[in-house]
Amino acid sequence: MTELPARRLLLVHAHPDDESINNGATMARYAAEGAHVTLVTCTLGERGEVIPPELRHLAGPALGAHRRGELAEAARALGVTDVRLLGGAGRYGDSGMMGIADNDDPGCFWQADPDEAAGHLAEVILEVRPQVLVTYDDDGGYGHPDHIQAHRVAMRAVDLAADRGHRIEKVYWNRVPRSVAEAAFARLQDELPALPFDKGAAVDDVPGVVDDERITTAVDGTAHAAAKAAAMRAHATQIEVAEPYFALSNELAQPLFTTEYYELVRGRGQRGETDLFAGVEAAS
């Protein structure tokens, strides 16, 4: 295998589009700075709600195949070349929203054996040897079963990889500080009449909003705002973008953040970090 760059970042997400919404600016920044950025997506989002009328005929495997293409286009916009599907394309199906019959499908990610799925992810970790991993908190940010399962699988894989010889130095969860979200939503209300959306979302509709003291790290991706917006537009089945805002299938506008926030949950660090690799040891 070709020698990898000194800094290596792994992100674990549930569906195509989650990476661009949560971490697009971060991914673009580190890719531009020469870090090796690996994205592992756990499902193809086959049960996602499609926004454009001309694409609403897509469902199930056809939608998954289309969203795989959207994911590839988004990765290109971010400058990310290492994109994996957990266990291979189609290994784990989209589980749908929490509390519906789709959650019981034996082929969906929610029903997967977490240890088995974590084993697939551990193989990626052992290959790429990232120092930093980013994923969701134990509620998946907003309670979606695939996000919760992605959290479980990612955290388990960190332990499995450590048992096999590679210790990830820092693990972060995606976050948004409440003060930042509230300020952004105040601006949104003022600007809403000029936007192609009827209503704004609420602060607590944004995944990962927490009290400010939980935030340890803020990654300024302002220089890569255009890349993040382009990546989000690539997910046309799922996202409508009107910078600096966007909406999902619920048509509720919310802010498009270009500074992205994190909580360090494993590893050594301190509040006020501006770099996910702060304090990381030399490449190993």
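The structure displayed is predicted, hence computed values, not measured ones.

Draft legend 1. Geometry of the environment of G69. Within the element layout of this structure, G69 appears in helix α2 (residues 60-78). Judged by its relative accessible area of 38%, G69 falls in the partly exposed class. With 92 residues separating them along the chain, G69 and A161 place their C-alpha atoms 30 Å apart.

Draft legend 2. Summary view of the side chain of H144. Its place among the elements puts H144 in the loop between β4 (132-135) and α4 (145-163). Given a relative accessible area of 4%, H144 falls into the buried group. Here G96 takes part through its backbone oxygen, which lies 3.4 Å from a polar atom of the side chain of H144. If we skip the residues at most four places from it in the chain, H144 touches H15, D94, G96, M97 and D139.

Draft legend 3. Quick peek at the UniProt feature "binding site: Zn(2+)" (unreviewed entry) in the chain. According to UniProt, the positions carrying the feature "binding site: Zn(2+)" (unreviewed entry) are H15, D18 and H147. In sequence the annotated residues extend across 133 residues, while in space they remain close, none of their C-alpha pairs exceeding 9.5 Å. Assignment of secondary structure puts H15 in the loop between β1 (8-13) and α1 (18-32). Owing to a relative accessible area of 6%, H15 belongs among the buried residues under this scheme. Contacts of H15, omitting those with residues within four sequence positions, involve T41, T43, G45, R67, D94, H144, D146 and H147. Its place among the elements puts H147 in helix α4.

Draft legend 4. Local environment of a nonpolar patch on the surface. On the surface, a cluster of nonpolar side chains totalling about 280 Å² of accessible area is made up of M97, I100 and Y142. Mapped onto the elements, I100 comes out in the loop between β3 (82-85) and α3 (114-128).

Draft legend 5. Fine view of the sheet that holds strand β11 (residues 252-255). Taken in spatial order, the four strands make up an open sheet running β6-β11-β10-β9, and their pairing is mixed. Two strands in the sheet have a free side with no partner beyond their single neighbour: β6 (199-200) and β9 (240-242). Direction of pairing for strand β10 (residues 245-247) relative to β11: antiparallel, over a ladder of three bridges. Considered in β11, the bridge of A247 is made with A253.

Draft legend 6. Layout of α1. When the terminal C-alpha atoms of α1 are compared, their 20 Å separation across 15 residues agrees well with the 21 Å that a helix rising 1.5 Å per residue should span. Residue G24 marks the point of greatest curvature in α1, where the axis turns by about 75°. Most of α1 sits out of view: 12 of its 15 residues are buried. Within the sequence span of α1, burial applies to D18, E19, S20, N23, G24, A25, T26, M27, A28, R29, Y30 and A31. Among the residues trailing α1, G34 stands out with phi positive, at a value near 95°.

Draft legend 7. Region of interest: the nonpolar core. Ranked by internal contacts, the top residues of the largest apolar core, which has 30 residues, are L86, F109, L121, I125 and L133. Those elements that provide at least two residues to this core are β1, α3, α4 and β5 (170-177). The element that contributes the greatest number of residues to this core is α4, accounting for eight residues. Among all residues touching L133, those that are not within four sequence positions of it are L10, V12, I125, A154, V158, I168, K170, V171 and Y172. Judged by nonpolar contacts, the second largest core, of 28 residues, contains M27, A31, L85 and A227.

Rules behind the numbers
Residues numbered from 1 in each chain as written. Predicted model: local features only at pLDDT ≥ 70, side-chain atom pairs only at ≥ 80, totals over all residues. Heavy atoms only, no water. Helix = DSSP H or I, 4+ residues; strand = E, 2+ residues; numbered from the N terminus. Buried < 20%, exposed > 50% of the residue type's maximum accessible area, 1.4 Å probe, protein only. Polar contact = N/O pair within 3.5 Å; in protein donor to acceptor, adjacent residues only side chain to side chain. Contact = heavy atoms within 4.5 Å. UniProt positions renumbered as here; feature names shortened; annotations may be inferred. Patch = residues over 30% accessible without salt bridge, like charges linked within 9 Å, V, L, I, M, F, W, Y side chains within 5 Å. Areas by Shrake-Rupley, 256 points an atom, 1.4 Å probe, with all protein chains shown as cover. Salt bridge = Lys/Arg side-chain N within 4 Å of Asp/Glu carboxyl O. Pairing = 2+ DSSP bridges. Expected span 1.5 Å × (residues − 1). Bend = angle between axes of the 7 residues up to and from the residue. Core = buried A, V, L, I, M, F, W, Y, C linked by side-chain atoms within 4.5 Å.

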